[in-house]
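# Residue-level structure breakdown
Here is how the chains run, residue by residue.
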Amino acid sequence: MKKTITLTLNGETRAVDVEPNDILLDVVRDRLGVKSPKYGCGRGDCGSCTMIMDGKTVRSCLILAIEADGSEIVTVEGLCRDGLTPLQEAFLKHNAFQCGYCAPGMTLAATELLERKAKPSREEIQEAIAGNLCRCTGYTAIIDAILEVAK
Ligand code: FES
Ligand code: FES
């Protein structure tokens, strides 16, 4: 039986009818039209579906949409409404991504880290993005870009 949930998605209040087994990732992408979170593994391993939910990164493939009722959700679209953030500029400068599939999740993981800790060490950055897999870059440029912003 459908239930209406209400989210604050990238600063806008959105209401949507969901089935009890609808996944947050699918609802945000397919019903609410926000496409940066991606389906990768569907089981919490790759991080491509990462969103920030009430200030913390989550794997949206593992969350039922009804669990997110009343939550504040941020995706990359919400970070750059006024232009690229310094972190995104640093990613560009360092050519941090190739195919870009991991970029939204990586960006949100790094954003959450930098909000929690303004000057993380290289090891803390590695730990923060450890759940976000990148098949293209080898991570060095991604970490260098985050470190540059942290300075
Ligand atoms: S799709 Fe969610 S962690 Fe891989
Ligand atoms: S840039 Fe291709 S997966 Fe990271």
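Residues numbered from 1 in each chain as written. Chains lettered and ligands numbered in written order. Predicted model: local features only at pLDDT ≥ 70, side-chain atom pairs only at ≥ 80, totals over all residues.

## Description of the domain arrangement of the protein chain
Worth spelling out the cut-off: Domain borders in the structure are assigned automatically or taken from a domain database. Contact between two residues is assigned when their C-beta atoms, built from the backbone, lie within 7 Å. The helix and strand labels rest on DSSP assignments: H or I over at least four residues marks a helix, E over at least two residues marks a strand, and numbering proceeds from the N terminus. Residues were grouped as follows: Ala, Val, Leu, Ile, Met, Phe, Trp, Tyr, Cys and Pro as nonpolar; Asp, Glu, Lys and Arg as charged; and all remaining residues, including Gly, as polar.
Per the domain assignment, the segments of the protein chain are domain 1 (3–79) and domain 2 (86–150). For domain 1 versus domain 2, the separation of C-alpha centres amounts to 21 Å. In this assembly, 15 residues from domain 1 lie in contact with 12 residues from domain 2. Listing elements by their share of the side of domain 1 that touches domain 2, those giving two or more residues are strand E3 (50–53), strand E4 (56–59) and helix H2 (76–79). With 3 residues, E3 is the largest single contributor of residues to the side of domain 1 that touches domain 2. For the side of domain 1 that touches domain 2, the class distribution of residues is 7 nonpolar, 6 polar and 2 charged.

## A word on helix H1 (residues 24–31)
As a reminder of what qualifies: We call a residue exposed when 12 or fewer other C-beta atoms sit within 10 Å of its C-beta, buried when the count reaches 20 or more, and partly exposed for counts in between; the C-beta positions come from the backbone.
Within the sequence span of H1, burial applies to Leu24, Leu25, Val27 and Val28. Those residues of H1 that are buried lie in contact with strand E1 (3–9), strand E2 (12–18) and strand E5 (72–74). At the C-terminal side of H1, glycine 33 shows a positive phi close to 75°.

## Re the environment of arginine 14
Here arginine 14 shows up in strand E2. Owing to 17 C-beta atoms within 10 Å, arginine 14 belongs among the partly exposed residues under this scheme. Arginine 14 sits 56 residues away from glycine 70 along the chain, and the two C-alpha atoms are 10.0 Å apart. If we ignore the near neighbours within four places in the chain, the residues touching arginine 14 are Leu7, Leu9 and Leu32.

## Comments concerning the sheet that holds E4
Let me state the cut-off plainly: DSSP-based pairing: two strands are paired if at least 2 bridges between them are found. Each axis is a line fitted through C-alpha atoms, taken for helices only over the stretch in contact, and angles between the N-to-C directions span 0 to 180 degrees.
The strand order across the open sheet built from 5 strands is E2-E1-E5-E3-E4, with neighbouring strands paired in mixed fashion. What marks the edges here is a single partner per strand, and that holds for E2 and E4. Neighbouring strand axes in the sheet, compared pairwise and without regard to direction, differ in orientation by 40° on average. As defined by bridge partners, E1 adjoins E5 across 2 bridges and the pair is classed as parallel. Within E5, the residue paired with leucine 9 across the bridge is isoleucine 73. In the packing of helix H4 (residues 103–116) onto the sheet, contacts are made with E3 and E4, and the angle to E3 comes to roughly 35°.

## Things to note about the packing of helix H3 (residues 86–93) against helix H6 (residues 140–150)
For clarity, the cut-off: Throughout, the term roughly parallel applies to angles under 35 degrees, roughly antiparallel to angles over 145, roughly perpendicular to angles from 65 to 115, and oblique to all others. Note on convention: near helix rotated counterclockwise from far helix by under a right angle means a left-handed crossing. Clockwise means right-handed.
Interhelical geometry of H3 versus H6 gives an angle of 135° and a closest axis separation of 8 Å. Regarding the angle of H3 to H6, the classification is oblique. Crossing hand, H3 versus H6: right-handed. Residues Pro86, Leu87, Ala90, Phe91 and Lys93 of H3 lie in contact with H6, whose contacting residues are Ala145, Ile146, Glu148 and Val149. Its residues assigned to classes, the contact of H3 with H6 shows 7 nonpolar, no polar and 2 charged.

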